[in-house]
Amino acid sequence: MSDRKNIIIIEDSSKMGGVQYSTLYFAEEIIKQRLHKLKILIPFDGAFTSLCKEHNIPYNTYNPIPYISTSISLNNDKIRIPNPFSLIYNIFLILINSVKTRALINPRKPDIVITKGFFTHMSGGLACKMLKIPIIWHLQDLVSNRYFGLYESFLNFLANKIPNCIICDGQLIKAALKGDIRQRSFVVLNGIKSGELKRCPDARRHTRKELGISENAYVIGHVARIKPWKGQIHLLKAFIDYSKHNLDSYLILAGSPLFGKDKYYNYLKNIIHKSNLHDRVIMPGYRSDLKNIFSAMDMFIYPSVEKDTSPLVLLSAISAGLPIAMTQIESLEDIASHCPSIDLFNIADRDYLIKLIKKYENPILRNEKGLKNKKYAYKYFDISIHTENIAKILTTI
């Protein structure tokens, strides 16, 4: 193809989360369809580089100096205050890392660079500006409007100076952009391999046996990083009340604390212990075998309280054919509009959430809703659709 471009994607983490899996799936699809030449720059060797080797995806490590948190967390992350010293320190690191990134990019002469992650947008953006290489920011997280909108204003200032265009994971991200850059911004929802997550009876039996759950039990599930804004505490409290109604019910809370910060994780564990539900609330940690975990579940609940936009694990649960209940928050409206079979609830209305859990005790209803969800996932969230939409944007650069 004469119009094939040489593309570099600069990732901000070597660990595997939703953002990294979206990069992996996109890279696989680009290579499979032979649309463009592609290479991923990954900070350090780790889980991400191992998967790139496994899937024959070209990559290099660029070994940046690690950034530090720009805020101080209080009261289980309910209160965050900016740390001016870390802000200044990170600005110096952005400059240093931009030089390191420039040295790695320059010999490869890319046609386009795509950056992911706040600090990578900064350092990669400066490197590309110096080299006069077109750059695309892929925004996959909603910037908080805390601190009187300071971060949001800073992002908008740089967004109008650095990228040629921006790809947003949701309408709410684009709505937060101000100035000329909004006209050069595109909404592309995340994509998943919709055909690979079909639940399996053998996987159901095996995984339930591994987790100590009986075959006929009713299992409610959730998968996400163990962070306060993911809302696990609200689901846990609803299950504690519901568990008295159904003694053969279980809750799976899969995921691990972000960057090893386990204060909130321990808080959840203490509540489980005090409720004497340690044998019915399963916290298996980080799991990459989503097909197995979804196979063990009867219902998936996503109780996020803020800033989630087309999260990969939620799209995966929809694709797996599970009935879904999720919070009615603005950042998830894109998914709700494409998948009307999802039940919505207000995070403050625990009674209604319990009502939804009781609703899906019915296996026939579970199957009906699950089949509808699978159809919507294939139609709107498949990785081929995601890749096609981004490929169209690349042709405009």
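These numbers were taken from a predicted model, which means no experiment stands behind them. (Residues numbered from 1 in each chain as written. Predicted model: local features only at pLDDT ≥ 70, side-chain atom pairs only at ≥ 80, totals over all residues. Heavy atoms only, no water.)

## Here we look at the packing of helix α8 (residues 232–243) against helix α9 (residues 263–274)
- In contact at an axis separation of 11 Å, α8 and α9 are set at 5 degrees when each is read in the N-to-C sense. Comparing the axis directions of α8 and α9 gives the class roughly parallel. On α9, the residues touching Gln 232, Ile 233, Leu 236, Lys 237 and Ile 240 of α8 are Tyr 264, Tyr 267, Leu 268, Ile 271 and Ile 272.
- Of the residues in the contact of α8 with α9, the class split is eight nonpolar, one polar and one charged. (Axes fitted to C-alpha atoms, helices over the stretch in contact; angles between N-to-C directions. Helix = DSSP H or I, 4+ residues; strand = E, 2+ residues; numbered from the N terminus. Parallel < 35°, antiparallel > 145°, perpendicular 65-115°, else oblique. Contact = heavy atoms within 4.5 Å. Nonpolar A, V, L, I, M, F, W, Y, C, P; charged D, E, K, R; others polar.)

## A word on the sheet that holds strand β13 (residues 299–302)
- One open sheet holds the six strands; their spatial order is β12-β11-β10-β13-β14-β15, and the pairing between them is parallel. Of all the strands in the sheet, just β12 (281–285) and β15 (343–345) have a single pairing partner and so form its edges. Within the sheet, the average angular offset between the axes of one strand and its neighbour, ignoring direction, is 25 degrees.
- Bridge analysis of strand β10 (residues 218–223) against strand β11 (residues 249–254) gives six bridges, and the strand direction is parallel. Opposite Ile 220, over in β11, you have Leu 251 as the bridge partner.
- Lying over the sheet, helix α11 (residues 312–319) contacts β10, β13 and β14 (324–327), oriented at roughly 155 degrees with respect to β13. (Pairing = 2+ DSSP bridges.)

## A closer look at the sheet that holds strand β1 (residues 6–10)
- With parallel pairing, the seven strands of this open sheet are ordered in space as β3-β2-β1-β6-β7-β8-β9. Where the open sheet ends on each side, the last strands, each with one partner, are β3 (59–61) and β9 (185–187). Taken over all neighbouring pairs, the strand axes of this sheet differ in orientation by 20 degrees on average, direction set aside.
- The pairing of β1 with strand β2 (residues 37–42) spans five bridges and is parallel. The partner of Ile 10 across the bridge, within β2, is Leu 41.
- Sitting on the sheet, helix α4 (residues 118–131) is in contact with β1, β6 (112–116) and β7 (135–139), with an inclination near 175 degrees to β7.

## Quick look at the packing of aromatic side chains
- Counting across every chain of the model gives 10 aromatic pairs.
- When the centroid spacing of 4.2 Å and the interplanar angle of 10 degrees are considered together, the rings of Tyr 67 and Phe 119 count as stacked. Linking Tyr 67 in the loop between β3 and β4 (71–74) with Phe 119 in helix α4, this pair joins segments that are 52 residues apart in sequence.
- Looking at Tyr 67, the relative accessible area reads 24%, which means it is partly exposed.
- Between Phe 118 and Phe 154, the ring centres sit 6.4 Å apart and the planes meet at 50 degrees, which makes this aromatic pair tilted. Here Phe 118, found in helix α4, pairs with Phe 154, found in helix α5 (residues 146–159); they are 36 residues apart in sequence, far enough to count as distant. (Phe/Tyr/Trp six-rings, centres within 6.5 Å; stacked < 30°, edge-to-face > 60°. Buried < 20%, exposed > 50% of the residue type's maximum accessible area, 1.4 Å probe, protein only.)

## Side note on the nonpolar core
- By size, the foremost hydrophobic cluster in this structure holds 64 residues, and its most contacted members are Val 223, Ile 252, Phe 294, Phe 300, Leu 314, Ile 318 and Ile 335.
- Setting aside its immediate chain neighbours within four residues, Ile 335 contacts Ser 310, Pro 311, Leu 314, Leu 315, Ile 318, Met 326, Ile 342 and Phe 381.
- Tyr 218, Ile 272, Met 299 and Ile 357 belong to the second largest nonpolar core, which has 28 residues in total. (Core = buried A, V, L, I, M, F, W, Y, C linked by side-chain atoms within 4.5 Å.)

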